[in-house]
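Residue-level structural notes
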Amino acid sequence: MKTILLISNMYPSQKSPFAGIFVRNFEKNLQHAFLFKKCVITGSRKSILARFWKYISFLIQSIYSILKHDYDLIYVHYINHSCVPLLLVLKLIKKPIVLNAHGGDIIPVTKASTILLRFTSMVLYRAAMIVVPSNFLKNVIIEKYGINSEKIYTSPSGGVDLDIFKPDVPLATKKHRLVIGFVSRIDKGKGWDILLMALHHFKSFQNHFKSIIVGTGTEFEQMIQLQHDLELEKEVLILGGVNHEELPRLYNQMDIFVFPTMRHESLGLVGIEAMACGLPVIGSDIGGLSEYLLDSFNGYRFQPGNYKKLSECLEKFHQLKNDEKTRFSYNAITTARKFEKSLIAEKMKEKLDELINLKHS
């Protein structure tokens, strides 16, 4: 069996189940075809010192594994920080390199990440293939770095397991008050504050609703405070972080999913998982979301950061007749089927086999 050296500065742990979930899904989807050797940073650390030593250990382990050459291909998730060990020994690497960009690693949101990217971007030109989750991010890389489009492969973050993410009751039988869902990291730019302000505005003319918020992050305490300040304790249930396997059950308690990010998300797989469970999506008209979120077909799009427009979209959906809501739900499911994980995995396997065989020929 061919061997892949998987390198990533993000990988899920029990305490941080969403940190690098795409990396774990990628591995799971391909473990029937490849043997994986991993150099990863699991979970997240609050202490700066703990993060520093964790990263130093990651660097040493990665460089040692790269120089052993007992693999057929190097696959790197999250280009910016994960490419540092490759950069240090780039001239000694003899096997194909595949880089998987996720968004923030190519469109950095901090000054430190911007500076680091100036150096790690050198690995982009050495890579045999660059994987991106959407055509939006593909165009960013082409325009920013002048990379040949034939070298960039679009693959939507491992896809969605439709055996798990699916409606658990017939769509037409849902009869309860409106339940508005949100699943995300609670970090700057993710739009949790836009959602709460929209719900506060929505409450002024519709008080028969409930909202479920799932996620944790650096701004979790600020979110709790804003919930209190806006007097939304009765309407908004904040669950914190949950295991990825619990999400289908939660999605099936919702009627509509909100994706109010202000970041240039490369795809937003969580929105597709929600659609697979029959949820229409109300999302920001930004980044990769626009490639699968079609206005008035499987949801609504609104101007990023505009909580009043988000509130209007919620009201518009709330006022739909039941058969119209059902149509939106079926359209959402149809959209999600295009991202079925086995289809995505088989195409990825073919691409990686091709790179390995080309190197051996």
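All figures in this text were calculated on a predicted structure; none of them were measured in a lab.

The rules behind these values
Residues numbered from 1 in each chain as written. Predicted model: local features only at pLDDT ≥ 70, side-chain atom pairs only at ≥ 80, totals over all residues. Heavy atoms only, no water. Core = buried A, V, L, I, M, F, W, Y, C linked by side-chain atoms within 4.5 Å. Buried < 20%, exposed > 50% of the residue type's maximum accessible area, 1.4 Å probe, protein only. Helix = DSSP H or I, 4+ residues; strand = E, 2+ residues; numbered from the N terminus. Disulfide = S-S within 2.5 Å. Salt bridge = Lys/Arg side-chain N within 4 Å of Asp/Glu carboxyl O.

Section: the nonpolar core
- Core analysis: the largest hydrophobic core is formed by 35 residues, its most contacted members being Ile7, Ile66, Ile74, Leu86, Leu99, Ile106 and Ile141.
- Per-element tally for this core: the top contributor is helix α2 (residues 48-68), with five residues.
- One finds Phe202, Phe209, Leu226 and Phe328 within the second-largest nonpolar core, a separate group that totals 31 residues.

A look at the state of the cysteines
- Across all of its chains, the model carries zero disulfides by this definition.
- Lacking any disulfide linkage, Cys39 is separated from the closest cysteine sulfur, that of Cys83, by 14 Å.

Thoughts on the pattern of salt bridges
- One pass over the structure, following the stated rule, counts 13 salt bridges.
- With its nearest N and O atoms 3.3 Å apart, the salt bridge here joins Glu245 to Arg24. In this pair, Glu245 is assigned in the loop between β9 (236-240) and α10 (247-251) and Arg24 in helix α1 (residues 21-30), connecting sequence segments 221 residues apart.
- Between Asp70 and Lys68 there is a salt bridge whose closest N-O contact spans 3.5 Å.
- Its relative accessible area of 29% is what places Asp70 among the partly exposed residues.
- Sharing partners across several salt bridges, the network here consists of Lys2, Lys349 and Asp353.

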